[in-house]
Amino acid sequence: MAKVSIRNLYKIYPNAKDVAPAVSDFNLEIDDSEFIVFVGPSGCGKTTTLRMIAGLESITKGQIYIDNQIVNDLPPKKRNIAMVFQNYALYPNLTLFENMAFSLRLKKMEKFRINETIKTKSRKLQIDHLLERLPGNVSGGQRQRVALGRAIVRDPKIFLMDEPLSNLDAKMRVSMRLEIIKLQRELKVTTIYVTHDQVEAMTMGDRIVVMNDGVIQQVDTPENIYNYPANRFVAGFIGSPAMNFFKGEIIQTEKGFVFSHTRFNLDVQNEKIEQVEKYSGRVIYGGIRPEYMSLKIDNDEKLDGKSFRGTVEVAELVGADRYVYVKVGTEEIVVRVAAKERFENGKPVIVSVEMDYFLFFDYSTGTRIG
């Protein structure tokens, strides 16, 4: 298989001189057999980066190495990669068998070897009974399996996948995610996968590359991306519902440090004091994910240093969970509770916060503090 090294990569389009680069100073080391996911909003540069790796897009500056060989000037066909596209890119007038065999015939592989290769790979993808059909006569999920099959029959060093599941319905996406994960683990092919869907990113990748405006925001495991986001952008982009943010100030009191919001004060835990004390008297952001808060009806009881008051706006039932939207002053937050918990619209509630999971972010840079 292959290692990929991307160093100081830039993409600047000639007619966009006054616009920020599409990709800016991108640096990444991808291990042999690793499954890497590029994720970010539309226009963040993830597909452009993938296309530069594939050789389908020119490089403005920087280097791309595959197994220590610089490939900047190599044409796509000499990079030993296989790409799976969003729109399947199948030949509509060729059978599924012929679509899978196309690249093997270009290599002038012997006919019996082509037959055996496609028989083996199509059985693995559960499409061996469909090979004589045309693409228009099978489902979207089956067409995507053919696109994967066409990629794997070539035994490439690297798989590049550009939002391959975005045209499928929700149930089929889940099924195909599992298929791709199992296939990649079995074949042990270095894989770079592009998606705007954070669920795909979190469930599929060994590591995730979060991008925004052409710049890498964080590279880490799904768990670390979720629990220790590098900045406010990552914290807000990853997670559904998104993290709640509060603008407040760090204040030192006789009892210790508190995060002071216009509507409440939260005690800063002792183990986090060292992180925030240099921000004493300064405005920062606090953040907490919806699942790390709980609700109860407000009976005018005294608040502790980890709770505040709000009013229920609306509640959404989402399977086993209920998302409760709570008004806190002029701000709205969302709390994830069990579906069996019910809160009436307009009712006053007390929101309790698990301060172990309360994060702090620099107001100016957005960087996580600590």
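Computed from a prediction, not measured in an experiment: that's the story for all the values here.

Visitor: Explain the overall build of the protein to me, please; I cannot follow it from the model alone.
Guide: Each helix and strand in the protein was counted, giving 9 helices and 20 strands. Referenced to the eigenvectors of the C-alpha coordinate spread, the extents of the protein come out at roughly 80 × 45 × 35 Å. When the 370 residues of the protein are sorted by exposure, 48% land in the buried category. Within the protein, contacts between residues separated by at least 24 positions form 67% of all contacts whose residues are at least 6 apart in sequence. Total accessible area on the protein is roughly 18400 Å²; 46% of this is exposed by carbon and sulfur atoms. Here the protein contributes 51 positively and 47 negatively charged side chains, and the mean placements of these two sets differ by 7 Å.

Visitor: What is the right way to read the sheet that holds strand 1 (residues 4-11) from this model?
Guide: Sheet strands pair by backbone hydrogen bonding; their relative direction is either parallel or antiparallel. With antiparallel pairing, the 4 strands of this open sheet are ordered in space as 2-1-4-5. One side of each edge strand has no neighbouring strand; the edge strands of this open sheet are strand 2 (23-30) and strand 5 (69-70). With 5 bridges joining them, strand 1 and strand 2 adopt antiparallel strand pairing. Paired with Ile 6 across the two strands is Leu 28, which belongs to strand 2. Docked against the sheet, helix 1 (residues 46-54) engages strand 1, strand 2 and strand 4 (61-66), running at close to 120° with respect to strand 1.

Visitor: Looking at this model, I keep getting lost on the pairing of strand 16 (residues 307-318). Mind explaining?
Guide: In regular strands, side chains alternate between the two faces of the sheet. Both strand 16 and strand 19 (residues 348-353) contribute to a ladder of 5 bridges, which runs antiparallel. Bridge assignment links Gly 310 to a residue of strand 19, and that residue is Val 349. Across 7 bridges, strand 16 lies against strand 17 (residues 321-328) in antiparallel orientation. Looking at the pairing, Leu 317 lines up with Arg 322 of strand 17. The hairpin formed by strand 16 and strand 17 contains 2 residues between the paired strands, and Gly 319 there has a positive phi angle of roughly 65°.

Visitor: Looking at this structure, how should I read a nonpolar patch on the surface?
Guide: On the surface, Tyr 91, Phe 102 and Leu 106 cluster together into a nonpolar patch covering about 300 Å² of accessible area. Of note, Leu 106 is situated in helix 2 (residues 96-106). The class for Leu 106 is exposed, based on a relative accessible area of 61%.

Visitor: Looking at this structure, how should I read the pattern of salt bridges?
Guide: Proximity of charged atoms lets side chains of opposite charge pair with each other. Inspection of the entire model under this criterion finds 12 salt bridges. One salt bridge in this structure joins Glu 116 and Lys 119, with 3.6 Å as the shortest N-O distance. Highlighted residues: Glu 116 and Lys 119, both in helix 3 (residues 111-124), separated by 3 residues, approximately one helical turn. Looking at Glu 116, the relative accessible area reads 42%, which means it is partly exposed. In this structure Lys 119 comes out as partly exposed when scored by relative accessible area, which is 40%. The shortest N-O distance in the salt bridge between Arg 309 and Asp 298 comes to 2.8 Å.

Visitor: Which parts of the structure should I look at to understand the packing of helix 2 against helix 3?
Guide: The packing of two helices is summarised by the inter-axis angle and the distance between the axes. In contact at an axis separation of 10 Å, helix 2 and helix 3 are set at 130° when each is read in the N-to-C sense. If you check the angle between helix 2 and helix 3, you find them oblique. As helix 2 runs across helix 3, the sense of the crossing is right-handed. In contact with Phe 97, Met 100, Ala 101, Leu 104 and Arg 105 of helix 2, helix 3 contributes Ile 114, Asn 115, Thr 117, Ile 118, Lys 121 and Ser 122. Residue composition of the contact of helix 2 with helix 3, grouped by class: 6 nonpolar, 3 polar and 2 charged.

Visitor: Is there a simple way to explain unusual backbone geometry in this structure?
Guide: A negative phi angle is the norm for most residues apart from glycine, just as the trans form is the norm for most peptide bonds. The omega angle of the peptide bond from Ser 240 to Pro 241 is -5°, so this bond is cis rather than trans. Assignment of secondary structure puts Pro 241 in the loop between helix 8 (232-237) and strand 11 (244-253). Despite not being glycine, Gln 126 shows a phi value in the positive range, around 60°. Along the chain, Gln 126 turns up in the loop between helix 3 and helix 4 (140-152).

Thresholds applied
- Residues numbered from 1 in each chain as written.
- Predicted model: local features only at pLDDT ≥ 70, side-chain atom pairs only at ≥ 80, totals over all residues.
- Heavy atoms only, no water.
- Helix = DSSP H or I, 4+ residues; strand = E, 2+ residues; numbered from the N terminus.
- Buried < 20%, exposed > 50% of the residue type's maximum accessible area, 1.4 Å probe, protein only.
- Contact = heavy atoms within 4.5 Å.
- Areas by Shrake-Rupley, 256 points an atom, 1.4 Å probe, with all protein chains shown as cover.
- Lys, Arg positive; Asp, Glu negative; His and termini not counted.
- Charge placed at Lys NZ, Arg CZ, Asp CG, Glu CD.
- Pairing = 2+ DSSP bridges.
- Axes fitted to C-alpha atoms, helices over the stretch in contact; angles between N-to-C directions.
- Patch = residues over 30% accessible without salt bridge, like charges linked within 9 Å, V, L, I, M, F, W, Y side chains within 5 Å.
- Salt bridge = Lys/Arg side-chain N within 4 Å of Asp/Glu carboxyl O.
- Parallel < 35°, antiparallel > 145°, perpendicular 65-115°, else oblique.
- Left-handed = near helix turned anticlockwise from the far one by under 90°.
- Nonpolar A, V, L, I, M, F, W, Y, C, P; charged D, E, K, R; others polar.

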